[in-house]
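Residues per chain are reported as follows:
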Amino acid sequence: MIRFILADLRRLWAGSLVVVLLVALATALGVSVVLQERALRLGSARAADKFDLVIGAGGSETQLVLSSVFLQPSPLPLMRGEILARLAGDPRVDWAAPIGFGDSFSGYPIVGTTVTLTDKLSGGFAEGKVFAREGEAVIGSAVKLSLGGEIKPMHGSAEEGGETHTGLVYHIAGRLRPTGTAWDRAILVPIQAVWHIHGLGAEGAEEAGHDHEQAGAEHDAHEHHGEIDPDAALDETWSADAPGLPAILVKPKTIADAYKLRQDYRSGDTVAVFPGEVLTNLYATLGDAKQILVAVASGAQALVAASLVLVTVIHIGQRRRQIGALRAFGAPRGAIFGIVWLEFFTLVAVGIGLGFALGFAAALTLSGMFSQTSGIAMPVGFAREDAGLAGVLLVFATILAALPAVLAYRQSPAQALRA
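For clarity, every value in this text was computed on a predicted model and none was experimentally measured. (Residues numbered from 1 in each chain as written. Predicted model: local features only at pLDDT ≥ 70, side-chain atom pairs only at ≥ 80, totals over all residues. Heavy atoms only, no water.)

### A closer look at the overall build of the protein chain
Here is the rule we go by: A run of H or I in DSSP counts as a helix once it spans at least four residues, and a run of E counts as a strand once it spans at least two, with each numbered from the N terminus. Think of it in three bands: with a 1.4 Å probe and only protein chains considered, a residue is buried below 20% of the maximum accessible area for its type, exposed above 50%, and partly exposed in between. Residues count as neighbours in contact if any of their non-hydrogen atoms are within 4.5 Å of one another.
Per the secondary structure count, the protein chain includes 13 helices and 12 strands. Expressed as a percentage of the 419 residues in the protein chain, the buried residues total 46%. In the protein chain, 81% of the contacts between residues at least 6 apart in sequence involve partners at least 24 apart.

Here it is as structure tokens:
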């Protein structure tokens, strides 16, 4: 029987190839949607795990997390600098790191922060050391620059028509280890250098807000530019008259402290969020989008199934003489059923297996492209529930293959030979 099936498939290789490709493409569409959505969830969740608590000015919690954790460019309202000093002296806080953004270089965001956050972010350096002066910078693992290289910060981005700051050139002092987050594509500089280059001092909160809102817009290039000393030592003792800040990343000492801090800074003009909770709301939106994509994929698979049924009916009609000859030579109906069923099931099963491979490759390619632009590691892999999906598809293949087998089974030798 197996030899007969293989010989038949070789003889009808063109039609067999069409069936396999139809099934493979329909399966790949559904598999790629499932794998890509899962990779996005896992990648974003792992990126958010790096940060326990984010505090910012009142506004959108989602935008606060997207800007501070995932470094998506967007103007944020500024909170008073005294909040940083209060957090730094809070016994419930292990460390509090201010961040400031708005500048870029060669497409990489420049983030002003502290030595503490730079040390804690990736657990060490791949090469070099942390910045120790205002004119030094640390780069993420995915930044394609070299140690000792120069960085000329641009206000905003080149696409927005940003202008290069002329008051400072950073020199790269170190490169962080990979973190699998958007910070792998970031350039980290001392926060006080960011304040000074924008001309911010004790009175800078209001001025900073105006400067941040004007990122990328046409304005006087020197209106908020200041002069700094690139060899100046860093001073990371915070006072109540610190300039305004878009966000502060906080590491509480305990879980209980984290919840208390969130409660304390969710009133008034500040908001405190756990990035994971914000992502949960985003996942709900992604879930709706996933359902739509899965519905589209299911529709495509239904159309493929209908096409296969049509192809099958035509195929059986063309093979009536062959089936009649087999019956005339004494082949029982069960053998005819088995030959036709196994032949068609083999084609569909091979298509399903190929579809899983193509879906995995498509998801891997898309995740790689997204990781290249965002810096977030997107782990693509099969999970236990995917075996259930494969099982459902194989059951469907079993039922679908039974249709041509039943048609062949019901044909009498005399009717087939007269056809």
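And the narrative resumes.
### A closer look at the pattern of salt bridges
What counts is decided by this rule: Salt bridges are counted wherever a side-chain nitrogen of Lys or Arg sits within 4 Å of a carboxyl oxygen of Asp or Glu.
Using the criterion set out here, one finds 13 salt bridges in the structure. Between Arg80 and Glu82 there is a salt bridge, with its nearest N and O atoms 2.4 Å apart. Residue class for Glu82 comes out partly exposed when judged on its relative accessible area of 30%. Between Glu277 and Arg262 there is a salt bridge; the shortest N-O distance is 2.6 Å. In this pair, Glu277 sits in helix H9 (residues 275-318) while Arg262 sits in helix H8 (residues 255-264), placing the two residues 15 residues apart along the sequence. According to the relative accessible area criterion, Glu277 is partly exposed, its value standing at 38%. Assessed through its relative accessible area of 17%, Arg262 is described here as buried. Bridged by salt links that share partners, the residues Arg38, Glu385 and Asp386 form one connected network.

### Topic: unusual backbone geometry
A positive phi angle, close to 55°, is found at Leu71, a residue other than glycine. Position of Leu71 among the secondary structure elements: in the loop between helix H3 (61-68) and helix H4 (82-88). Here the phi dihedral of Ser106 falls at roughly 55°; this positive angle occurs in a residue that is not glycine. Mapped onto the elements of the fold, Ser106 is located in the loop between strand E2 (93-105) and strand E3 (108-113).

### Quick notes on the environment of Ala45
As for its position among the elements, Ala45 is in helix H2 (residues 13-48). Note: C-alpha distance between Ala45 and Thr181 (136 residues apart in sequence) is 9.8 Å. Non-local contacts of Ala45, meaning those with residues more than four positions away in its chain, are made with Leu279 and Tyr283.

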